[in-house]
Each structure stands twice: as C-alpha cells, then as structure tokens.
Amino acid sequence: MAKKVGVSEATVSRVLNNKPGVSEATRQAVLSALDVLGYERPTQLRGERARLVGLVLPELQNPIFPAFAEVIGGALAQLGLTPVLCTQTKGGVSEADYVELLLQQQVSGVVFAGGLYAQADAPHDHYRLLAERNIPVVLVNAGIEHLGFPSVSCDDAVAVEQAWRHLASLGHERIGLVLGPGDHVPSARKLATARAFGAELPEEFVARAIFSIEGGHAAAAKLIDRGVTGFICASDPLALGVVRAARRRGLDVPTRISVVGYDDSALMNCTEPPLTTVRQPIESMGKAAVELLNAQIAGSAVPADELLFEPELVVRGSTAQAPRP
C-alpha cells in the first residue's frame, strides 16, 4: 500500500492507527488506496465514508458511455475523489450487485450514467436502498419519476425537434423513428415530442430496438419497407444500423435515405458517410453531475430536480434532399 501511495510504511502505519503527524491529503490518499485495494478499514476509521465514488455504466460498447466516464472521472479526480468504474456485462455483475459492493466499500456517492432507472419496467429496489442509506446519488439522463435523486439530462424534446425540422427542411415527408425499448424513458420523451411536432406520424413509422447496430439494422429494414426516407434515431449505433440496412437494400445514404443519429459519440465524423447527429453536451453534463454530487457529499441540500441541457444538431453527410417520387 505504501508503494501505491508513494509514502513510507511508517506513514501508512500512522494513518491506519489514527496517529498524528500526517497531512490530511496524505491521510485521504492512504484511505482511498485501502478502499481501492479492497482492504477493510480499521475499526476506528470505519465511521468515515471513503473518498470513493461509484460510476455505474450500462455498457462500454456505445462510445457515449466511455466519453461520459472520462469527463465525470476527471471532474471527480480534481475534487480528490476516486471513481470506481462499474460496468454491466451480459450474464455478469448486475446493477443491484454493484450497489451492494459499493455500499460495502462505504463510498461517498454514486453517479449513474445510464442504467435501469431509465427503464420503467426494470427493478428499482437498489435505488431505494441508496436513498434509505442517505448516499448521495446523481442520475445522467432521463429516468423514472419519484426516485428522489437530482439528475442532469440532455433535452430529448429539443433533440427530436432539431432533427425533425432538419429532415423536413430537406423535403422529407415520410419521417420515421428508431427508438429504444418501450419502457425506455428518454425514448418515450422523444416519441411524445415527435407525435406533437409531426402530427401525422403514423404508428407504423415508429420502430423499437435494442441499443446496437444490429438492433438499428433490424428496425430500419421494417421502416424502409414502409416507405420511410428520413430516419431519426435514439443513438448513434442505431443510426449506423440504419445506414447498414439501407446499403444492404442497395439504397444510397443520403441520396435515397437520410439518417440522423443521437449523441455525437466518438468517430461519428469518420463514418461513411459522416453521420449527421444531435450532440449531447457531455462536458457540461458530466461536470454538472459531479457538482451536484459534491454538494450532497458536503452536506448541502440538493433538490431532486432535473437539469436540462440543450443539444446541438451537427449536420454532416448522412442527410440530403428527399428523393423525388
């Protein structure tokens, strides 16, 4: 442990025995190392929460989540907090299991950047457990109501409005949506806006999919058969799936099919064609999430409100004038 922190063994001994003569910064560094390495704190030090913060992500395949992790992790480090990355994998550790592990480590707080809170039909008991233990929590992007945690979200309504106006300005009249599962809260918000904005949006122009390129491909195949020429997608991987589906049909993007993604995650300007997408302000959202968490850790009362951040349409090469009949 002394080697990891870069101090002498005597210094570590002083911290573990709660002896004087050690600076607060060094003391916290040793305690954080103790937590990271999985050792139990000595009995006299267990009353304090660790300077660890759980950062829970649903996956790493979608590049938007590593991007959030980088921003949030960096902001936490500047405050002397150590992020503990918890990533779910199929058949692996569940979100509820991660919460149990984080509670055992006496974390100072938890940031969820996507997860079961965004799915209305998923189990949510582990969130209630965190609330009962008074653990500071911040959610990133829209979740179910009544969890009682502050959140930072990209404005789904504005995102769909920007994408819809863009496609309509290019002459597209048959605009379809490729969204996440039916209980996915951000997707539900996007659909509600599309129905209000595009009053004639027929149900057959809306497709649901898992958040992956394969899911986007399967959903797009159905909508292409129904005559959709302009696609608004709930993520960039879904949009890439739409592009792939169009090409498999021999339809050029963007001359025959136009596609708008969502996130503006890494390398979307390097795809062929470069993807038109709606950019989430990841930097601003991530820093705001950490500020809200740090305020709670410091003992301030933080209302369980949702801070909405404005997205930005980034026009690239996957959208063009609607094909002529």
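Conventions we followed
- Residues numbered from 1 in each chain as written.
- Predicted model: local features only at pLDDT ≥ 70, side-chain atom pairs only at ≥ 80, totals over all residues.
- Heavy atoms only, no water.
- Buried < 20%, exposed > 50% of the residue type's maximum accessible area, 1.4 Å probe, protein only.
- Helix = DSSP H or I, 4+ residues; strand = E, 2+ residues; numbered from the N terminus.
- Pairing = 2+ DSSP bridges.
- Right-handed = clockwise from strand over helix to strand, strands pointing away.
- Expected span 1.5 Å × (residues − 1).
- Contact = heavy atoms within 4.5 Å.
- Polar contact = N/O pair within 3.5 Å; in protein donor to acceptor, adjacent residues only side chain to side chain.
- Axes fitted to C-alpha atoms, helices over the stretch in contact; angles between N-to-C directions.

Here we come to the pairing of strand 8 (residues 230-233). In strand 8, alternate side chains face the same way, and those of Gly-230 and Ile-232 on one face and Phe-231 and Cys-233 on the other are all buried. Relative to strand 9 (residues 258-263), strand 8 runs parallel, the two sharing 3 bridges. Across the sheet, residue Phe-231 finds its bridge partner in strand 9, namely Val-259. At this point the chain moves from strand 8, through helix 10 (residues 236-248), to the parallel strand 9, and the crossover so formed is right-handed.

What follows deals with helix 4 (residues 64-78). Here helix 4 spans 22 Å end to end across 15 residues, near enough to the 21 Å set by a 1.5 Å rise per residue. Of all the residues in helix 4, the buried ones are Ile-64, Phe-65, Phe-68, Ala-69, Val-71, Ile-72, Gly-73, Ala-75 and Leu-76. Turning to helix 4, the residues buried within the fold contact strand 1 (52-57), strand 2 (82-87), strand 3 (109-112), strand 4 (137-140), strand 9 and helix 11 (282-297). Following helix 4 by one or two positions, Gly-80 adopts a phi angle in the positive range, close to 80°.

The end-to-end C-alpha separation of helix 7 (residues 156-169) is 20 Å, in line with the 20 Å expected for 14 residues at 1.5 Å each. Restricting attention to buried positions, one finds in helix 7 the residues Asp-156, Val-158, Ala-159, Val-160, Ala-163, Trp-164, His-166 and Leu-167. The N-terminus of helix 7 is capped by Asp-155, whose side-chain oxygen sits 3.1 Å from the backbone nitrogen of Ala-157. Just downstream of helix 7, Gly-171 is the residue with a positive phi angle, here 95°.

Secondary-structure assignment places Thr-11 in helix 2 (residues 9-16). Among the polar contacts listed, one links the side chain of Thr-11 to the side chain of Ser-8, at a separation of 3.0 Å. Once residues lying within four places of it in the same chain are set aside, the contact partners of Thr-11 are Val-22 and Thr-26.

This part covers the sheet that holds strand 7 (residues 206-208). Spatial strand order, 7-6-8-9-10-12: 6 strands in an open sheet with mixed pairing. The open sheet terminates on both sides in strands that have one partner only, identified here as strand 7 and strand 12 (312-314). Within this sheet the neighbouring strands show an average axis-to-axis angle of 20°, counted without direction. Inspection of the sheet shows strand 9 paired to strand 10 (residues 276-279) by 4 bridges, in the parallel sense. Looking at strand 10, one finds that Gly-261 is bridged to Thr-277. Its contacts with the sheet put helix 9 (residues 213-225) on strand 6 (175-179), strand 7 and strand 8, and the angle it makes with strand 6 is roughly 155°.

Further remarks concern the side chain of His-124. On the secondary structure map, His-124 appears in the loop between strand 3 and helix 6 (125-132). Note on His-124: relative accessible area 6%, which makes it buried. Among the polar contacts listed, one links the side chain of His-124 to the backbone oxygen of Leu-116, at a separation of 3.0 Å.

With respect to topology, 6 strands assemble into an open sheet ordered 2-1-3-4-5-11, the strand pairing being parallel. At either margin of the open sheet sits one strand with a lone partner, and together these are strand 2 and strand 11 (306-309). The mean angle between the axes of side-by-side strands here comes to 20°, regardless of whether they run parallel or antiparallel. Relative to strand 4, strand 3 is paired through 3 bridges, and the arrangement is parallel.

Without other data, these values stay purely geometric and don't point to any function.
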